[in-house]
Amino acid sequence: MVTAEQPSVIAGTLVLAERVGPGAVVVRDGLVEEVVHGSRRVADLQWPGFIAPGLVDIHVHGARGRSFNEPDSRAWHSVTEAHREHGTTTTLATLGTSALPQLREAIAIGTAELATGHGGLAGLHLEGPYLADGYRGAHPPDLLRQPTDGHWREFTDHGTVRMVTLAPELAGAKEAITGLSGRGVVVSAGHSAANADQVREAVAHGVRHAAHLWSGHTELRRHGPVREPGLLEAVLGSEELTAELIADGHHVTADMTRVAYRCLGPDRLCLVSDASPGTGLPTGARFGMGAIEGTVAQGVAISRDGRSFCGSVSFLADVLRFAVRQAAVPLVDAVRMATATPARAAGLADGVGRLKAGGRADLLLLDRALKVGAVLAAGRWVRPPAHAQARS
Ligand SMILES: [Zn+2]
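This is a predicted model, so every value here is computed, not measured.

## Some thoughts on the coordination of the zinc ion
Part 1 of the argument: Every protein donor of the zinc ion is accounted for by His59 (NE2), His61 (NE2), Glu127 (OE) and Asp274 (OD), and the metal-donor separations fall at 2.0 to 2.3 Å.
Part 2 of the argument: Coordination at the zinc ion comes from 4 donor atoms whose angles at the metal span 83 to 167 degrees, giving a geometry best classed as irregular.
Part 3 of the argument: Look at where the donors of the zinc ion fall in the sequence and you get H-x1-H-x65-E-x146-D. One end of the pair, histidine 61, is in the loop between β5 (55-60) and β6 (62-63); the other, aspartate 274, is in the loop between β16 (269-271) and β17 (286-289), and 213 residues separate them in sequence. One exposure class covers both histidine 61 and aspartate 274, and it is buried.

## Concerning the environment of glutamine 146
Part 1 of the argument: Among the secondary structure elements, glutamine 146 is positioned in the loop between β9 (121-127) and α3 (152-155).
Part 2 of the argument: The class of glutamine 146 is partly exposed, set by a relative accessible area of 37%.
Part 3 of the argument: A C-alpha to C-alpha distance of 7.9 Å links glutamine 146 and leucine 131, two positions 15 residues apart in sequence.

## Some details on helix α1 (residues 73-85)
Part 1 of the argument: In this model, α1 (13 residues) spans 18 Å end to end at C-alpha, consistent with the 18 Å of a helix rising 1.5 Å per residue.
Part 2 of the argument: Along α1, the residues classified as buried are Ala75, Trp76, Val79, Thr80, Ala82, His83 and Arg84.

## A closer look at the pattern of salt bridges
Part 1 of the argument: With the rule as written, the count across this model stands at 21 salt bridges.
Part 2 of the argument: Here glutamate 85 ties to arginine 64 by a salt bridge, and the two come within 2.8 Å at their closest N and O atoms. Here glutamate 85 is found in helix α1, whereas its partner arginine 64 is found in the loop between β6 and β7 (66-67), with 21 residues between them in sequence.
Part 3 of the argument: Note on glutamate 85: relative accessible area 26%, which makes it partly exposed.
Part 4 of the argument: Overall, arginine 64 belongs to the partly exposed group, its relative accessible area being 36%.
Part 5 of the argument: Salt bridges here are not isolated pairs; linked through shared partners, they connect Glu18, Asp267, Asp333 and Arg336.

## Quick word on the packing of aromatic side chains
Part 1 of the argument: Applying the stated criterion across every chain yields a total of 1 aromatic pair.
Part 2 of the argument: Just above the ring of phenylalanine 50 sits the side chain of arginine 368; from NZ or CZ to the centre is 4.6 Å.

## Looking at the sheet that holds strand β20 (residues 309-312)
Part 1 of the argument: The sheet built from 4 strands is open, its strands ordered β17-β18-β19-β20 with antiparallel pairing. The strands lining the two open edges of the sheet, one partner per strand, are β17 and β20. Pairwise comparison of adjacent strand axes, ignoring direction, gives a mean angle of 35 degrees for this sheet.
Part 2 of the argument: Where β17 lies against strand β18 (residues 292-297), 4 bridges are found, and the strand directions are antiparallel. Across the sheet, residue glycine 288 finds its bridge partner in β18, namely glutamate 293.

## Let's talk about the environment of arginine 104
Part 1 of the argument: Note on placement: arginine 104 falls in helix α2 (residues 100-116).
Part 2 of the argument: We classify arginine 104 as partly exposed; its relative accessible area is 36%.
Part 3 of the argument: Expressed as a C-alpha distance, the spacing of arginine 104 and arginine 336, which sit 232 residues apart in the sequence, is 33 Å.
Part 4 of the argument: Excluding its chain neighbours within four sequence positions, the residues that come into contact with arginine 104 are His151 and Glu154.

So, how was this worked out
All chains use their own residue numbering, which begins from 1 and follows the written sequence. Given that this is a predicted model, residues contribute local features only at a pLDDT of at least 70 and side-chain atom pairs are listed and counted only at 80 or more, while totals for whole chains, interfaces and linings are drawn from all residues. Based on all heavy atoms of the structure, the side-chain values leave hydrogens and waters out of the count. Metal coordination here is assigned from N, O and S atoms located within 2.8 Å of the ion, or within 3.2 Å for Na, K and Ca; omission of water means that sites may look incomplete. Any site counts as irregular unless it has four donors with all angles between 85 and 135 degrees, making it tetrahedral, or four or six donors with opposite ones more than 155 degrees apart and the rest between 65 and 115, making it square planar or octahedral. Counting from the N terminus, the helices are the DSSP runs of H or I reaching at least four residues and the strands are the DSSP runs of E reaching at least two. Buried residues are those whose accessible area, probed at 1.4 Å on protein chains only, stays under 20% of the maximum for their type, while exposed residues exceed 50% and partly exposed ones sit between those limits. Here a helix's expected span is defined as the number of its residues, less one, multiplied by 1.5 Å. In the sections that follow, a salt bridge refers to a side-chain nitrogen of Lys or Arg positioned within 4 Å of a carboxyl oxygen of Asp or Glu. Pairing of aromatic side chains here covers Phe, Tyr and the six-membered ring of Trp, requires ring centres within 6.5 Å, and sorts the geometry by plane angle: under 30 degrees stacked, over 60 edge-to-face, intermediate tilted. We count a charge as sitting over a ring when the NZ of a lysine or the CZ of an arginine lies within 6 Å of the ring centre and within 35 degrees of the ring normal. Think of it this way: DSSP has to see at least two bridges between two strands before they count as a pair. A fitted line through C-alpha atoms serves as each axis, taken over the contacting stretch for helices, and the angle formed by two N-to-C directions is quoted from 0 to 180°. Working rule for contacts: check all heavy atoms of both residues, and any pair within 4.5 Å makes them a contact.

See below:
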């Protein structure tokens, strides 16, 4: 079996950036030593399904009743472990809107956790507090703020925030977009009342990405016979923006997944889970996420007042499987949309989300039905293969 100490060879059907085919991955000391094409190499593990890079989730809030909004390192460990066991080996911990003291505390905990390198954490993603009231979804209205408050500077002083989702039409947003971009933070448009012209202006100031399509987005509005496109159309029609899609069958359907895939393609569309603390909990379970309270119902997370979703109850591997099996996205593209594409969109290190020599040995082993079979994180099994045929 694979250990961190000695080289091990895991063979199967490799899902690489451009193609799917037989091959093997040689792992040594937590890193990929070599990626071998063809099926002749003797393997320590002959996996009967697919071998993909570990998944990269850039929009994920929680799991198993806990969330990244909690200023408690045990909560952070519990969330990252749950996602790693389900195939997500790189996580951008996403903090929903909360009061300033709680947000500061959560950023401090996240910064400390990042320093430990624990659990595949790659950085923080602030979703709020600079969101439009009319498109806030489940974010608490009394805690929304305007970027004129200037607090975005202190939020990003640690250098650990990689992405900020904000509404680009708010007062002070242009200055914040320019300032955040200058600090190397990816600015994402989302939970926004902007029309397409305002989005283009925001892109000129540095917006590079858009949060979950169809969730918190303006869509085509009509004023009599006159049509005014929104954030959704601006993103789907753009030549440069990357965007997230919560392809869980609830936030978007198979049709909507195909529209987004055809418009943006596998190099600009990022599959995300937007996983709430309800992920991994049974139907009817209740949870808290900062100031938001939710319930697991009918395969999704619903805010306690019943007026909106408050994230999904899916892991990214579930979203990947939906995109392929329900929306007919080719496997090779869907894997890229859950690995290399989000890694690049979030500005993560070159090599994250790819199987290549010298990279961290993060592998996701899927069975033929695309269910998670095993997960290797930094060369160690966080979920060992149950039915693999191991050869010595
Ligand atoms: Zn979210």
